[in-house]
Amino acid sequence: MLNLQKHWWQETTVYQVYPRSFKDSNGDGVGDLKGIISKLDYLKDLGIGAIWLSPVYRSPNDDNGYDISDYQNIMQEFGTMADMDELINQAKKRNIRIVMDLVVNHTSDEHKWFIESKKSKDNPYRDYYIWRDPKDGDVPNDLQSTFSGPAWQFDEKTGQYYLHLFSKKQPDLNWENEKVRQAVYKMMNFWIDKGIGGFRMDVIDLIGKQPDKMITGNGPKLHDYLQEMNKATFGGKDMLTVGETWGATPEIAKLYSDPKRHELSMVFQFEQVGLDQQPGKDKWDLRPLQVGELKQVLARWQTELDDQGWNSLFWNNHDLPRIISRWGNDKEYRVESGKMFAILLHMLKGTPYIYQGEEIGMTNKPIKDFSEISDIESRNMYLQRIDEGYKKEDIIKSINTKGRDNARTPIQWDETEHAGFTTGTPWLGVNPNYKSINVKAALADKNSLFYTYKKLIQLRKDNPIMIWGDFKLLDTQDEIFAFEREYQGETWLIVNNFSNNRHKLQLADVNVGETIIQNYDHKITDVSDLELKPWESFAVKVVV
Ligand SMILES: OC[C@H]1O[C@H](OC[C@H]2O[C@H](OC[C@H]3O[C@H](O)[C@H](O)[C@@H](O)[C@@H]3O)[C@H](O)[C@@H](O)[C@@H]2O)[C@H](O)[C@@H](O)[C@@H]1O
């Protein structure tokens, strides 16, 4: 049992909004802040307590807002600062906090700091970024960008290379420079003073990098910087702070989220996300998921953080494919598998994050050709792999399986043209399945996935066991993920059939009580010899 002080961000459910694709209010084909405001009642009805807002700052959009040219201004396509203030206030009226995306590993190359930095070697902003001399007339070393190719870009004017771990329009900030750190903290306080609820920190594990030693993630000063940031900004204000930390192990996650260390509330860890890629290769090199491995990873994170940290729980975000298409069945069992993912996620210990459209079971949108790709990561990878001799069909298959555009298609609000997202031409094509999969249809169907999410969110509010209860994995066949939660003498059993197959559940010595939630409509009375239907999922009370 946790000894930790309790916080609102442990009890709430967070909903991620990717503004470009959420709701367009002015017909330019791009989602905007007024569009989000118009849907706050929908989100309140769902029951969420916080919105993680992907970047809305001024940006040339090389990476859809993750390349920021002005942290204290709003992207013109999304609206104005007055719209942003209105969003914060309107959300607050509905008891919803706004968690801003904090992208401070890098800026845009169009940020004024970089424009200055590039001017000359002795410019006062030169050391805001990471500049190195050429080595033997070439790049300083072999560091590679996540978006393909070398992480170093040559600048003709000053004869040096700058570091960019993402696109060449996303130069990395130099966190060793105290002035950079202070400027970031000042900017964070500007947003805190506006009354936001917290920060989601983009690739925060990279800020302690030491490029000369080829160290990118988890550099030696990383935690010093986070403790300094905590003290200078959100410390003592009970805000939700969640770090995006690709390389985190449970041990590393505790460094970030142990309350005694005064760093972050929690981290997003991605160990399970890598389970369908070939070991040692990258995300485009596919292999089928082994459910047994997923169970072991999720269970380990449940038990190992213990009372020294806090889990975040998610299947989807704007960088990941839709979970129903990825590990579920987006055809005959779309609703059943979607409900199973929902029940499983909310029954684990940690703060759940729902990504827009997940609550209505949106699916991936396959493409056939390079011309249909919008995302910079997929475009660059495609071109690089074509150069390296890969077959076009294999590259397209990887993109259809893992590409980020899958999650970024506009939200399907109704069955009208462009799914009710815009009256103009959407910036990214709507998934053609919008006529049947949309919010309006979901709200009209009491058995829809939406109501499963809504019920789960309410259940978390009403049942402390879901938040604080201990987790115990039960021994079953690989494709069944069964576990118990236990809190103050109460025990719940949660069973998930992670497959298209029927499976026999044989749990001895469990007396089944009331059913809490399920995705098939039959009475569960006995789990000693129960045939589970495809993707069946339920939570029941255990009578002791
Ligand atoms: O601001 C730039 C992006 O920052 C965030 O996402 C970071 C990227 O995370 C993944 O890539 C990291 C790789 O990490 C490890 O090396 C794994 O082994 C690899 O498999 C991972 O690919 C995603 O694949 C990328 O799509 C992300 O960019 C933001 O969330 C992004 O939106 C920003 O583009």
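Residues numbered from 1 in each chain as written. Predicted model: local features only at pLDDT ≥ 70, side-chain atom pairs only at ≥ 80, totals over all residues. Heavy atoms only, no water.

**Observations concerning the packing of aromatic side chains**
Right, on to step 1. Throughout the structure, instances matching the rule amount to 34 aromatic pairs.
Right, on to step 2. With centroids separated by 5.3 Å and ring planes inclined at 90°, the aromatic side chains of Phe190 and Trp191 adopt a geometry described as edge-to-face.
Right, on to step 3. Under the relative-accessibility criterion, Trp191 is labelled buried at 0%.
Right, on to step 4. Here the aromatic rings of Phe270 and Phe314 are separated by 5.4 Å at their centres, their planes lie at 65°, and the arrangement is edge-to-face. With Phe270 in the loop between β11 (266–269) and α9 (291–304) and Phe314 in the loop between β12 (312–313) and α10 (323–326), this pair connects stretches of sequence that are 44 residues apart. You'll find Phe270 and Phe314 in the same group, each marked buried.
Right, on to step 5. Members of the aromatic cluster, connected to one another through ring pairs, are Tyr57, Tyr71, Trp113, Tyr125, Tyr128, Phe190 and Trp191.
Right, on to step 6. The aromatic ring of Trp427 is capped on one face by Arg20, whose charged end is 5.4 Å from the ring centroid. (Phe/Tyr/Trp six-rings, centres within 6.5 Å; stacked < 30°, edge-to-face > 60°. Buried < 20%, exposed > 50% of the residue type's maximum accessible area, 1.4 Å probe, protein only. Helix = DSSP H or I, 4+ residues; strand = E, 2+ residues; numbered from the N terminus. Lys NZ or Arg CZ within 6 Å of the ring centre and 35° of its normal.)

**With respect to the pairing of strand β8 (residues 160–163)**
Right, on to step 1. Burial along β8 is two-sided: Gln160 and Tyr162 and Tyr161 and Leu163, pointing in opposite directions, are all buried.
Right, on to step 2. Across two bridges, strand β6 (residues 131–132) lies against β8 in antiparallel orientation. What sits directly across from Arg132, in β8, is Tyr161.
Right, on to step 3. Of the pairings in the sheet, the one linking strand β7 (residues 152–155) to β8 comprises four bridges and is antiparallel in character. Bridge pairing links Asp155 to Gln160 in β8. (Pairing = 2+ DSSP bridges.)

**Side note on the site of the ligand**
Right, on to step 1. The local shell around the ligand holds 19 residues, among which Asp63, Asp202, His318, Asp319 and Glu377 are the closest.
Right, on to step 2. At 2.5 Å from an oxygen atom of the ligand is found a side-chain nitrogen or oxygen belonging to Asp319.
Right, on to step 3. One nitrogen or oxygen atom from the side chain of Glu377 is found 2.8 Å from an oxygen atom belonging to the ligand.
Right, on to step 4. Protein burial of the ligand: of its 640 Å² of free accessible surface, 82% is covered by the chains.
Right, on to step 5. Among the detected pockets, the ligand sits in the largest pocket.
Right, on to step 6. Within the shell around the ligand, the residues separate by chemical class into five nonpolar, five polar and nine charged. (Near = heavy atom within 4 Å. Polar contact = N/O pair within 3.5 Å; in protein donor to acceptor, adjacent residues only side chain to side chain. Areas by Shrake-Rupley, 256 points an atom, 1.4 Å probe, with all protein chains shown as cover. 1 Å grid on protein atoms, 1.4 Å probe; cavity = no way out; pocket = protein on both sides within 12 Å on 5 of 7 lines; lining within 4 Å. Sits in = over half its atoms within 2 Å of the grid points. Nonpolar A, V, L, I, M, F, W, Y, C, P; charged D, E, K, R; others polar.)

**Regarding the sheet that holds strand β14 (residues 470–473)**
Right, on to step 1. If you walk across this open sheet you meet the five strands as β14-β15-β16-β20-β18, and the pairing is antiparallel. If you trace the sheet from one side to the other, it starts and ends with β14 and β18 (512–518), each paired once. Taking each pair of neighbouring strands and ignoring which way they run, the sheet shows an average axis angle of 25°.
Right, on to step 2. Here six bridges tie strand β16 (residues 490–497) to strand β20 (residues 537–542), and the two strands are oriented antiparallel to one another. Residue pairing in the sheet places Trp492 in a bridge with Lys541 of β20.
Right, on to step 3. Of the strands in this sheet, β15 (480–487), β16, β18 and β20 are in contact with helix α11 (residues 334–347), which crosses β16 at around 145°. (Axes fitted to C-alpha atoms, helices over the stretch in contact; angles between N-to-C directions. Contact = heavy atoms within 4.5 Å.)

**What about unusual backbone geometry?**
Right, on to step 1. A positive phi angle, close to 45°, is found at Asn64, a residue other than glycine.
Right, on to step 2. Its location among the elements puts Asn64 in the loop between β3 (57–58) and β4 (70–74).
Right, on to step 3. A positive phi angle, close to 50°, is found at Asp238, a residue other than glycine.
Right, on to step 4. By secondary structure assignment, the location of Asp238 is in the loop between α7 (222–232) and β10 (240–245).

**Details of the pairing of β15**
Right, on to step 1. Of all eight residues that make up β15, seven are buried, and the element is covered over most of its length.
Right, on to step 2. Pairing of β14 with β15 involves four bridges; the strand directions are antiparallel. Bridged to Asp470 within β15 is Glu486.
Right, on to step 3. As paired elements, β15 and β16 share eight bridges and run antiparallel to each other. Its bridge partner lying in β16, Glu484 is registered against Leu493.

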